[in-house]
Amino acid sequence: MKIIIKNGHIIDPSQGIDGVGDILIEDGKIKEISTQHSALSTSSSAHRTIDAIGLYVLPGLIDMHTHLRDPGFEYKETIKTGTKAAVKGGFTTVCCMPNTYPVNDNASVTEFIIRKAAQEGHCTVLPIGAITKGQKGEELAEIGTMRNEGCIAFSDDGRPVMNSLMMRRALEYSKAFNVPIISHCEDLTLSEDGVMNEGLLSVTLGLKGIPSEAEEIMVYRDLSLSKLTGGRLHIAHVSTEGSVKLIRDAKKRGVNVTAETCPHYFSITEDAVTGYDTNAKVNPPLRTERDIKAIKEGLQDGTIDVIATDHAPHHMDEKLQEFDKSPSGISGLETALGLSLRLVEGGILTMGQLIEKMALNPARILGIKRGTLQTDTNADVVLLDMNREFTVEVDRFLSKGKNTPFRGWILKGMPVITISKGRIYEWQ
Ligand code: DOR
């Protein structure tokens, strides 16, 4: 099958391409890419020619932090629904967190996920294995066998690894197996029972707060352990100014660390919790304007390498409980790109830098040949129409998770075509 994408504005930071051109796809691979100065060598008889005039042509996005909930919590999401939502959001690769049931802490669960994703997944699914058995923080999981089975990183996400020795060992393993350890930084002794950011608003609302320090103390610990071991540390969902400063400083000192934030941490503050909207309950919690400013600066100066979704779908009945009882999480795959494009509109990032954070950098951190339009790589491609606005309507979400605080927002920039796993998806 031959596909030609013609006259689109191609952005591929991996090759320094930012200009109008054509792409030839053959048998699911990028066969050739040309800019306005050259023409495709094959004038060829394509089975499909896509006119991309006025559209951006981008490498498929990579989400290195997705909760697919499968196995065990299929009522929240399945591999099938989660990957369909991903593809609609412009993602062609998602890395799924291990807090499923059973936990992905051994090679059989990893194998189950990979097999199911091969059969039902609309995009590529790369599993992240648990650091500790059952994510209980007591005993290291079978990191080596899971790595051999296909896990591309390890994390106890959803929970921190409270035991520092356990984290030290995990970071030592990360060198042996050449994988990042993704840390959910939260000191449970400080955050326990907290449900939102600690401050004046939590007091006003009568809700128990989580101080920024609950995150920052663990960021500091893990940076220290990475320095001690030389292990590959990736800090998940950075939400505070203090964390940004700690990571910036550590990078200057040569610590082996990368970091991600999520669209909700630079788009809305704790004010979204007012009215006890459980859709704004997320862990770590939404913070303040000051934190947003610091996160944007961190994105701009490269302290924060990646924008990930932390897509955390929950059932509506769970989210309808009172604030204290409701689970944390935001369904993020279908709004992440639209929210992140606001950074381009606001002059925080260039389009090329955004694609670095949402495709190239995740690929580099994970050591995979993706997030690029280089010849002979998989034809994972997104065509983005910046003139298309859309209103966030949960009834139109393909994800089972309707839990978003962005309901009713008007976002600019919509994928109109996603090419994933050799299929062409067209979005209205
Ligand atoms: O809000 C969150 N939801 N944060 C996490 O770390 C876990 C996630 C989930 O699994 O629901």
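Residues numbered from 1 in each chain as written. Predicted model: local features only at pLDDT ≥ 70, side-chain atom pairs only at ≥ 80, totals over all residues. Heavy atoms only, no water.

J.: Sorry if this is basic, but what is going on with the site of the ligand here?
T.: Every one of the 14 residues lining the ligand counts as a neighbour, but Arg 69, Asn 99, Asn 283, His 314 and Ser 328 are closest to it. Between the ligand and the protein, one listed contact pairs an oxygen atom with a side-chain N or O atom of Asn 99 at 2.9 Å. Between the ligand and Gly 329 there is a distance of 3.3 Å, counted from an oxygen atom to a backbone nitrogen or oxygen. Bound to the protein, the ligand loses 93% of the 290 Å² it would expose on its own. Among the residues forming the shell around the ligand, the class breakdown is 2 nonpolar, 9 polar and 3 charged. (Near = heavy atom within 4 Å. Polar contact = N/O pair within 3.5 Å; in protein donor to acceptor, adjacent residues only side chain to side chain. Areas by Shrake-Rupley, 256 points an atom, 1.4 Å probe, with all protein chains shown as cover. Nonpolar A, V, L, I, M, F, W, Y, C, P; charged D, E, K, R; others polar.)

J.: Which parts of the structure should I look at to understand the pattern of salt bridges?
T.: In the structure shown here, the tally under the stated rule is 19 salt bridges. Linking Asp 70 and Lys 116 is a salt bridge whose minimum nitrogen-to-oxygen distance equals 2.9 Å. Residue Asp 70 is located in the loop between strand E6 (61-66) and helix H1 (79-88), and its partner Lys 116 is located in helix H2 (residues 107-120); the two are separated by 46 residues in the primary sequence. Of the two residues, Asp 70 and Lys 116, both sit in the buried class. Note that Lys 325 and Glu 322 form a salt bridge whose closest N and O atoms lie 3.6 Å from each other. Through salt bridges with shared partners, a single ionic network connects Arg 168, Arg 169 and Glu 172. (Salt bridge = Lys/Arg side-chain N within 4 Å of Asp/Glu carboxyl O. Helix = DSSP H or I, 4+ residues; strand = E, 2+ residues; numbered from the N terminus. Buried < 20%, exposed > 50% of the residue type's maximum accessible area, 1.4 Å probe, protein only.)

J.: How should the sheet that holds strand E14 (residues 257-261) be read in this particular structure?
T.: Across a sheet, paired strands are connected by hydrogen bonds in the backbone, their directions being either parallel or antiparallel. Taking strand neighbours across the sheet as the criterion, the 8 strands line up as E6-E7-E8-E9-E10-E13-E14-E15 in an open arrangement whose pairing is parallel. Each edge of the open sheet is held by one strand with a lone partner, namely E6 and strand E15 (306-307). (Pairing = 2+ DSSP bridges.)

J.: Explain the packing of H1 against H2 here, please?
T.: Angle between the axes and distance between the axes are the two parameters that describe a pair of packed helices. Where H1 contacts H2, the axes come no closer than 10 Å and their chain directions differ by 60 degrees. Overall, the two elements H1 and H2 adopt an arrangement that is oblique. H1 and H2 meet at a crossing whose hand is right-handed. When H1 is examined against H2, the residues Ile 79, Lys 80 and Thr 83 are found in contact with a partner set consisting of Ile 113, Lys 116, Ala 117 and Glu 120. (Axes fitted to C-alpha atoms, helices over the stretch in contact; angles between N-to-C directions. Parallel < 35°, antiparallel > 145°, perpendicular 65-115°, else oblique. Left-handed = near helix turned anticlockwise from the far one by under 90°. Contact = heavy atoms within 4.5 Å.)

J.: Honestly, the packing of aromatic side chains in this entry has me stumped. Any pointers?
T.: One pair of aromatic rings is described through two measures. These are the centre distance and the angle between the planes. Inspection of the entire model under this criterion finds 3 aromatic pairs. Here Phe 406 and Trp 409 contribute two aromatic rings whose centre-to-centre distance is 4.9 Å and whose plane-to-plane angle is 85 degrees, an arrangement assigned as edge-to-face. The buried category is assigned to Phe 406, whose relative accessible area is 1%. The interplanar angle of 5 degrees and the centroid separation of 5.8 Å between the aromatic rings of Tyr 425 and Trp 427 together place this pair among those described as stacked. Grouping residues by exposure puts Tyr 425 and Trp 427 together as buried. (Phe/Tyr/Trp six-rings, centres within 6.5 Å; stacked < 30°, edge-to-face > 60°.)

J.: Can you walk me through the pairing of strand E3 (residues 29-35) in this structure?
T.: Every other side chain in a regular strand lies on the same face of the sheet, so the side chains alternate between the two faces. Sheet analysis places strand E2 (residues 17-26) next to E3, joined by 6 bridges and oriented antiparallel. Each residue of the ladder has a partner; that of Leu 24, found in E3, is Glu 32. Taking the residues between adjacent antiparallel strands as the criterion, E2 and E3 are bridged by 2 residues, where Asp 27 takes a positive phi near 50 degrees.

J.: Looking at this structure, how should I read the environment of Pro 362?
T.: For Pro 362, the location among the structural elements is in helix H13 (residues 351-366). Once the C-alpha coordinates of Pro 362 and Asp 305 are considered, the two residues, 57 residues apart in sequence, prove to be 8.0 Å apart.

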